[in-house]
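What the coordinates show
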Amino acid sequence: MQNCRYLLMPLAAIALVSGCCSTANNSSLTDAYNSYIGALTDPGITDLAAIEITQAGALLDEADVALNKGESDDAIDQLAYLAKQQIAIAQETAKQKTAELEIADAIAKRKQIGLVEKNAETEAVKQQLKQLNARKTGRGLTITLDDDLFRAQKAQLKPIGLSNVVKLADILNQYSQYNVSIESHSINPGLSGRRSYAVRRALIGMGVGGGRIRTSGYADTIPVAGTAAVSQSNQWLEVILSDASGRYLSEF
Amino acid sequence: MKQFNRPGNIGITLAAAIFIAGCANIPASKEQIAVSKVTIDNAVNEGSRQFAEQQLKSALEKIDAAEQAIADKDYLSARHLAEQAQADAQLAAAMARSAKARKVARELQESNLMLQQETERNAQ
């Protein structure tokens, strides 16, 4: 039906033009009619600037009436000019509406790209967290640095431990909305505190803002649910990820 | 009605009719000029100086010419010129609106393209 309408409108216009035998006597009116017929064959105009093109049609009708009444060339030229400008207005309106539809499309597409981007980011974070053996615990996403990542009874990270901290720093540098809490569990509270600070210092050295890192050292006074008690052979350090407001993250 | 058909009165009647029509055209022309000026202001506000310079210039020239025609007591020309000025200004405003919309659309499409390329690079 849409197609039929586009075909019929110019045909109706042609019928109108040919029905009025005297249009040929006024060249400006003939020109205006030709532009009008051209505009009617453009679905963009009939769809998006229907009101504007109808107004142009009304001016042409008025010009026809004037011509048939034998009014002066001046009067007819005037109406033909106004009709010509009105057709141009319809064309510009159609262009404007088309651009507005493109704007709406572009905004929708932007959201789509943002979504893809966000998914890709989430996927990248998941991958990095997986490499660090991050796991969900009752307190949030937790990365454990085992005792053997530290030198025995020292607060110095071994190269392999350091490489884990590098990965952690990488995540934190990429996603500034996340903060960390570092909790060391050792048999000796002094060692716990020093290990937490060693990781903190390493993260700061890798560009993570100190304000995002909380540290605490525990002796065996706080056993973690589901884990064996702290002992000489069972010491560890936990890195718990939270968002900026301090809530623990359960997932990304 | 019959008395108007008398030949001697035709000239007077015609002159009176033209005079009355002429008088009626004075306020009509002035009113049209006022309306056209508002339309021109709107077109300027839409940014037609930047996007439809020629159409705006045409409207301004015609409104000047219309005022001159009023001064010359050519009220029909004044009304015609003012009407054309209004149509030109309306076109200027429509052109400015469409140019602005197209500009925004183009900018958004370009920035989407850049964003998409960046996303694709990041994904690799």
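It should be emphasised that the depicted structure is a prediction, and the values quoted were computed from it without experimental measurement.

Quick look at the overall build of chain A now. Summing up its helical and strand segments, chain A has 7 helices and 5 strands in all. For chain A, the α and β elements follow one another from N to C terminus as α-α-α-α-α-β-β-α-β-α-β-β. Per-residue burial over chain A gives 34% buried out of 252 residues. If you take every contact in chain A between residues at least 6 apart in sequence, the share linking residues at least 24 apart comes to 69%.

Residue and element names in this part refer to chain A. Of the two faces of strand 4 (residues 213-218), only one is covered, namely that formed by Ile 213, Thr 215 and Gly 217; the face formed by Arg 214, Ser 216 and Tyr 218 stays uncovered. Judged from the 6 bridges that link them, strand 3 (residues 178-185) and strand 4 form a sheet pairing that is parallel. Note on strand 4: the bridge partner recorded for His 185 is Tyr 218.

Residues and elements named next belong to chain A. In the contact formed by helix 2 (residues 27-40) and helix 4 (residues 50-68), the axes pass within 11 Å of each other and the chain directions differ by 150 degrees. The angle between helix 2 and helix 4 falls in the class roughly antiparallel. The way helix 2 lies across helix 4 gives a crossing that is left-handed. Of the residues in helix 4, those touching helix 2 at Leu 29, Ala 32, Tyr 33, Tyr 36, Ala 39 and Leu 40 are Ile 53, Ala 56, Gly 57, Leu 60, Ala 63 and Leu 67. When grouped by side-chain class, the residues that make up the contact of helix 2 with helix 4 number 11 nonpolar, 1 polar and no charged.

What follows is about unusual backbone geometry. A positive phi is found at Gln153(A), a non-glycine position, where the angle reads about 55 degrees. Not every positive phi belongs to a glycine, and Lys73(B) is a case in point at roughly 60 degrees. Mapping Lys73(B) onto the fold places it in the loop between helix 3 (53-71) and helix 4 (75-123). Residue Lys73(B) is classed as exposed on the basis of its C-beta count, with 11 C-beta atoms lying within 10 Å.

Low-pLDDT portions of the prediction should not be read for the details of their coordinates. Residue and element names in this part refer to chain A. Summarising the model, chain A shows a mean pLDDT of 82, and 82% of its residues fall at 70 or more. Ranking the elements of chain A by mean pLDDT puts helix 1 (residues 2-19) last, at 47, and helix 4 first, at 96. This model gives residues 1-8 a pLDDT under 50, and the stretch forms 3 contacts once residues within four places in sequence are excluded. A low-confidence stretch, residues 17-24 (pLDDT under 50), is modelled with 10 contacts involving residues beyond four sequence positions or located in other chains.

Glancing now at the sheet that holds strand 5 (residues 236-243) of chain A. All names here are of chain A. If you trace the 5 strands from one edge of the open sheet to the other, you get 1-2-5-3-4, paired in mixed fashion. Of all the strands in the sheet, just strand 1 (135-137) and strand 4 have a single pairing partner and so form its edges. Each strand of the sheet is rotated relative to its neighbour by a mean of 30 degrees, with strand direction disregarded. Relative to strand 2 (residues 140-146), strand 1 runs antiparallel, the two sharing 3 bridges.

Here we take up the nonpolar core. The biggest cluster of nonpolar side chains holds 51 residues, and the ones touching the most others in it are Tyr36(A), Ala63(A), Ala83(A), Ala90(A), Ala66(B) and Ala92(B). Residue assignment for this core shows that the elements contributing at least two residues are helix 2, helix 3 (43-48), helix 4 and helix 5 (73-131) of chain A together with helix 1 (7-45), helix 3 and helix 4 of chain B. A per-element tally of this core places helix 4 of chain B first, with 14 residues. Every residue in contact with Ala63(A), bar those within four places of it in the chain, is listed here: Leu29(A), Ile76(A), Leu79(A), Ala80(A) and Ala83(A). If you look at the next biggest cluster of nonpolar residues, it comprises 23 residues, including Ile143(A), Leu149(A), Ile171(A) and Val208(A).

With that settled, consider helix 4 of chain A. All names here are of chain A. With 19 residues, helix 4 should cover 27 Å at 1.5 Å per step; its first-to-last C-alpha distance of 27 Å lies within 8% of that length. Buried residues of helix 4: Glu 52, Ile 53, Ala 56, Gly 57, Leu 59, Leu 60, Ala 63, Asp 64 and Leu 67, and no others. The buried residues of helix 4 all sit within an arc of 160 degrees when viewed along its axis, so they share a single face. For helix 4, the exposed residues set more than 90 degrees away from the buried face come down to Ile 51, Thr 54, Ala 58 and Asn 68. Lining the buried residues of helix 4 we find helix 2, helix 3 and helix 5. The positive-phi residue at the C-terminal boundary of helix 4 is Gly 70, with phi of around 75 degrees.

Another aspect to go through is helix 2 of chain A. The periodicity of an α-helix, 3.6 residues per turn, causes residues three or four positions apart to be oriented the same way. Residue and element names in this part refer to chain A. For helix 2, spanning 14 residues, the distance from its first C-alpha to its last is 20 Å, which sits close to the expected 20 Å at 1.5 Å a residue. Within the span of helix 2, buried status applies to Leu 29, Ala 32, Tyr 33, Ser 35, Tyr 36, Ala 39 and Leu 40. Relative to the axis of helix 2, the buried residues are bounded by an arc of 165 degrees and lie together on one face.

For the rest of this paragraph, the subject is the environment of Ala99(A). Assignment of secondary structure puts Ala99(A) in helix 5. Among all residues touching Ala99(A), those that are not within four sequence positions of it are Ser98(B), Ala101(B), Arg102(B) and Ala105(B).

Two quantities define a packed helix pair, namely the angle between the helix axes and the distance between the axes. Residue and element names in this part refer to chain A. Two elements in contact, helix 6 (residues 159-174) and helix 7 (residues 189-205), have axes separated by 9 Å at closest approach and are oriented at 55 degrees. Viewed along their axes, helix 6 and helix 7 adopt a mutual orientation that is oblique. Of the two possible hands of crossing, helix 6 and helix 7 adopt the one that is right-handed. Along its contact with helix 6, which presents Leu 162, Val 165, Leu 168, Ala 169 and Leu 172, the element helix 7 presents Val 199, Ala 202 and Leu 203. Residues that form the contact of helix 6 with helix 7 fall into these classes: 8 nonpolar, no polar and no charged.

Scoring rules and cut-offs
Residues numbered from 1 in each chain as written. Chains lettered and ligands numbered in written order. Predicted model: local features only at pLDDT ≥ 70, side-chain atom pairs only at ≥ 80, totals over all residues. Helix = DSSP H or I, 4+ residues; strand = E, 2+ residues; numbered from the N terminus. Buried ≥ 20, exposed ≤ 12 C-beta atoms within 10 Å, placed from the backbone. Contact = placed C-beta atoms within 7 Å. Pairing = 2+ DSSP bridges. Axes fitted to C-alpha atoms, helices over the stretch in contact; angles between N-to-C directions. Parallel < 35°, antiparallel > 145°, perpendicular 65-115°, else oblique. Left-handed = near helix turned anticlockwise from the far one by under 90°. Nonpolar A, V, L, I, M, F, W, Y, C, P; charged D, E, K, R; others polar. pLDDT = per-residue confidence, 0-100. Core = buried A, V, L, I, M, F, W, Y, C linked by C-beta atoms within 7 Å. Expected span 1.5 Å × (residues − 1). Arc of directions from axis to C-beta.

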